[in-house]
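Residue-level structural notes
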Amino acid sequence: MMQKELFREFDGYDRIVEERDFSRKYGLDYSAQKDLADPYIQRLHPKQLALRVSDIIFETPSVRTLRFVSPEGYLPPFLAGQYIALFLEIGGVRTSRPYSISSAPNQTGYYDLTIRRLEGGLVSNFLLDSVGKEDILQSSGPEGHFYYNPLFHDKTMVCLAGGSGITPFMSMIREAAECGLDREIFLFYGNKNIREAIFHHSLLEISDHFDHFHYLPVIEDPPAGYIGASGFITGELIRKIIPDLGDKTFYLCGPQAMYDFCLPELERLGIPGRKIRKEVYGPPVDITRAPNWPGQVKADNPVRIKLAAGRTVEARSGESLAAALERQGVLIPTLCRSGECSQCRVKVLSGKVFQPAGASVRRSDKRFGHVHACVSYPLEDLEIVI
């Protein structure tokens, strides 16, 4: 009953009901036009895009922004906070990585992806060292659920970012400032030092001109004489800046260590879970340091993964199923690489895997033995179905 009443509030509900009743009365048949909407749906939600690198922007010594345009002149719209996945072939390995779009959705000419170099990172090093202007890459369409929804979220956003977790917030902040949105944003941005703070000068500039944006960098290792906030993003600091925490929605994006620290801080402040939104950020680089990892299993522990099709591939416990399969030429669909989108779901017939906290496996998947290959690590020999 509640669902029916909610539908009545949607724009156009009465008109659709009227048209449906008219069609039933006069026997109109629209089945011949059932594919009419497909071109529009594909245009808005394409499975793959071709993107050309039009510019490379220096952000910090370890961070660049790659600006992508469409060779055809059209990019599908997105919501500030969403990501695209780049599909790449590196050294004979076909793989993908998701990157949040850091540009604002109100400009439609390009997507900015801001990429931090990871020590030993296969994809980040390739993108920063081997991709140049005019190169063409393949990507997914915009995906993800980490965005502001005016139907469910408070107008005041309290954003907690760590390191390159700033990128989805940058898109949100740019949109709010450039469009003059009726939205207030507090940003607590944690970094080890101020040199690593991506977009620092742009954020200062926006906060100077947009009264509804409040920027608070939090520096873990401040230089002598630094007068800004230092240490970690604590509940005490949040309470000091925002005495009234009611009617606000909290957003988090950053490395796992930030979630491990900040979520208990928010809990101690009495923030209910329904007021907290978390962007998926991928598993730790060294999965053996994740909580509850079985200490007797080493990262280089060799295992064999038998596929139902008959093939067997070699793997290590310290690499995800998705990475092991890709490395040996077995392709599975992947997008978020963080255990949320379910694209890489496989069924484990025998053997054990480790899944870090935050892997969002549905109850029905658990019941029937499905796991997300991007965040599942083989602890012993496995047999799986892709």
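In what follows, the accompanying structure is described. A quick note: this is a predicted structure, and the numbers were derived from the prediction, not measured.

Things to note about the side chain of Lys248
Topologically, Lys248 is positioned in strand β11 (residues 248–253). Despite its burial, Lys248 remains without a salt bridge, the nearest opposite charge being carried by Asp244 at 4.5 Å. For Lys248, the side chain forms a polar contact with the main-chain oxygen of Asp244, separated by 2.7 Å. A polar side-chain atom of Lys248 sits 3.0 Å from the main-chain carbonyl oxygen of Gly246.

Remarks on the sheet that holds strand β15 (residues 345–350)
Sheet architecture is open: five strands sit in the order β14-β13-β19-β15-β17, paired in mixed fashion. Edge positions in the sheet fall to β14 (312–316) and β17 (370–372), since each of these pairs with one other strand and no more. Neighbour-to-neighbour, the strand axes of this sheet turn through a mean angle of 40°, independent of strand direction. Summarising the sheet, β15 and strand β19 (residues 382–385) pair through three bridges and their orientation is antiparallel. Counted as the bridge partner of Ser350 is Glu383 from β19.

Side note on the pairing of strand β6 (residues 136–139)
Burial of the side chains of β6 is restricted to one face: Leu137 and Ser139 are buried, whereas none of Ile136 and Gln138 on the reverse face is. Pairing of strand β1 (residues 49–60) with β6 involves four bridges; the strand directions are antiparallel. Looking at β6, one finds that Leu51 is bridged to Leu137. Here strand β3 (residues 83–90) pairs with β6 via two bridges, running antiparallel. Looking at the pairing, Leu86 lines up with Ser139 of β6.

Considering the sheet that holds strand β5 (residues 111–116)
The strand order β4-β3-β6-β1-β2-β5 describes an open sheet built from six strands, whose pairing is antiparallel. Edge strands, defined here as strands with exactly one partner in the open sheet, are β4 (93–100) and β5. Within this sheet the neighbouring strands show an average axis-to-axis angle of 40°, counted without direction. Relative to β3, helix α4 (residues 122–130) is tilted by about 85°, and along the sheet it contacts β2 (63–69), β3, β4, β5 and β6.

Scoring rules and cut-offs
Residues numbered from 1 in each chain as written. Predicted model: local features only at pLDDT ≥ 70, side-chain atom pairs only at ≥ 80, totals over all residues. Heavy atoms only, no water. Helix = DSSP H or I, 4+ residues; strand = E, 2+ residues; numbered from the N terminus. Buried < 20%, exposed > 50% of the residue type's maximum accessible area, 1.4 Å probe, protein only. Lys, Arg positive; Asp, Glu negative; His and termini not counted. Salt bridge = Lys/Arg side-chain N within 4 Å of Asp/Glu carboxyl O. Polar contact = N/O pair within 3.5 Å; in protein donor to acceptor, adjacent residues only side chain to side chain. Pairing = 2+ DSSP bridges. Axes fitted to C-alpha atoms, helices over the stretch in contact; angles between N-to-C directions. Contact = heavy atoms within 4.5 Å.

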